[in-house]
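Residues per chain, in single letters:
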Amino acid sequence: MYTGSGTDLDLARHFLDLNELVAIPTETVYGLAGNGLEPKAILKIFQAKNRPFFDPLILHCKSLEQASSMATEFPAVLRDLAEKFWPGPLTILLPKNDRVPDLITSGQDGVALRVPAHPLTLALLQKLDYPLAAPSANPFGYISPTTAAHVLQQLTGKLAYVLDGGACEVGLESTIVGLEADQLVVYRKGGLSIEELKAQVPASIQIKVIEHSSSRPESPGQLQSHYAPSKKLILTEDLKSSLPSSVHPETTGLLLFGDPLGLHTEHFALTLNLSPSGDLKEAATHLFSFMRRLDDHPQISLILAQKLPDHGLGLAINDRLRRASA
Ligand code: TXA
Ligand code: MG
């Protein structure tokens with residue numbers, strides 16, 4: 001049923017109104033979108049991605065008002081964050097009301113909501129009278145797409161149209177937060193750093209960051225083997241000093257960050273540097289597309305990745321690399 005890609009908002013809307021699927025650009029990653037209030041469309045999303053039904057979907061809204069209209073309450077702490085960071089890479093868990101189909105939340109009481117910051121997708125949402133359910137537009141468990149081409153590599157035939165908004169600016173999925181007993185809980189580290197969040201939360205509110213270690217998590221974004229390339233990936237603290245002796249450079253790809261410091265990169269099948277100058281934002285925008293390039297390289301059987309500093313977006317990037325290496 002695939003008809004092509006482009007920037008035709010009316011065509012995108014036409015398919016969505018028919019409960020067909022359309023890939024949408026966001027500032028984080030591309031989403032595989034369908035009418036978020038129509039179980040028929042939602043079912044198609046799960047099928048296209050081969051996604052288990054216990055893994056709930058985010059509802060993408062055009063405004064804070066539309067998001068509020070999906071929830072029974074919007075606690076002030078969370079509303080303040082929404083006002084500050086929406087549109088943007090923040091997803092907020094709120095108690096859902098009856099308008100939200102149970103399929104979206106996998107039967108849980110909380111619904112994940114966000115207003116994405118991409119002009120094309122915001123313009124599309126303005127044309128619709130329903131929010132869009134949209135997981136990342138990749139087969140379940142694989143690396144999230146940050147370009148329209150990535151989407152088409154794996155989902156052609158499973159969607160009607162790809163709204164092409166260019167390369168995603170942030171490059172990491174949204175940070176997911178919710179309130180539990182007056183604590184702000186970060187369920188998934190993402191495109192909005194913990195530092196940025198902290199700066200906006202009253203000092204009286206504690207922040208609890210959930211580490212992604214459980215295999216039966218409350219928020220399935222925590223599944224250990226998410227974001228996996230098909231090749232073996234090893235994450236190392238310091239590539240130069242800890243290069244395993246069994247590594248064959250001619251079949252190994254390197255994923256670096258910052259100055260390679262005398263590493264003989266020319267001996268390796270392919271070396272990609274997320275940010276030679278050590279800029280974490282730049283690294284985030286490159287992460288998934290570089291992982292794909294290494295994964296797709298015919299000579300490479302092993303990917304060696306350098307761990308990034310544990311602050312700012314480095315925390316979320318290390319989380320993705322750790323899970324890719326699981
Ligand atoms: O940046 C993003 O968040 C991207 C773009 C497309 O918006 N979307 C995305 O969706 O990453 P997805 O489905 O790949 O990851 C969303 C995560 C899932 O792991 C899911 O478990 C969690 O959000 N989630 C969604 N609804 C939830 C809910 N009601 N309760 C707990 N976790 C939820
Ligand atoms: Mg995903």
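Going by the structure above, here's the rest.
Keep in mind the model is a prediction, meaning the values are calculated, not measured.

A. Seen up close, the sheet that holds strand β15 (residues 302-306). A sheet is described by the order of its strands in space; here 4 strands give the open sequence β12-β15-β13-β14, paired in parallel fashion. Each edge of the open sheet carries a strand with a single partner, namely β12 (232-236) and β14 (270-273). Neighbour-to-neighbour, the strand axes of the sheet open up by a mean angle of 20 degrees, direction not taken into account. In this structure, β12 lies alongside β15, joined through 5 bridges in parallel fashion. Directly across from L235, in β15, lies its bridge partner A305.

B. Looking closely at the side chain of N35. Tracing the backbone shows N35 in strand β3 (residues 31-35). Classification of N35 as buried rests on a relative accessible area of 8%. Polar side-chain contacts of N35 include one of 2.8 Å to the backbone nitrogen of L37. Those residues in contact with N35, other than ones at most four positions away along the chain, are L16, N19, A41, I42, Y130, P131 and L132.

C. Region of the structure containing the nonpolar core. Core analysis: the largest hydrophobic core is formed by 46 residues, its most contacted members being W86, L90, I92, L113 and L197. Elements with a minimum of two residues in this core: α2 (39-49), α3 (64-68), α4 (76-85), β5 (90-95), β6 (110-114), α7 (148-155), β10 (183-188) and α8 (194-198). Once you skip the residues sitting within four places of it in the chain, I92 turns out to touch F74, L78, A82, W86, V111, A112, L113 and V177. Residues F257, F290, I300 and L313 belong to the second largest nonpolar core, which totals 27 residues.

Parameters at a glance
- Residues numbered from 1 in each chain as written.
- Chains lettered and ligands numbered in written order.
- Predicted model: local features only at pLDDT ≥ 70, side-chain atom pairs only at ≥ 80, totals over all residues.
- Heavy atoms only, no water.
- Pairing = 2+ DSSP bridges.
- Helix = DSSP H or I, 4+ residues; strand = E, 2+ residues; numbered from the N terminus.
- Axes fitted to C-alpha atoms, helices over the stretch in contact; angles between N-to-C directions.
- Buried < 20%, exposed > 50% of the residue type's maximum accessible area, 1.4 Å probe, protein only.
- Polar contact = N/O pair within 3.5 Å; in protein donor to acceptor, adjacent residues only side chain to side chain.
- Contact = heavy atoms within 4.5 Å.
- Core = buried A, V, L, I, M, F, W, Y, C linked by side-chain atoms within 4.5 Å.

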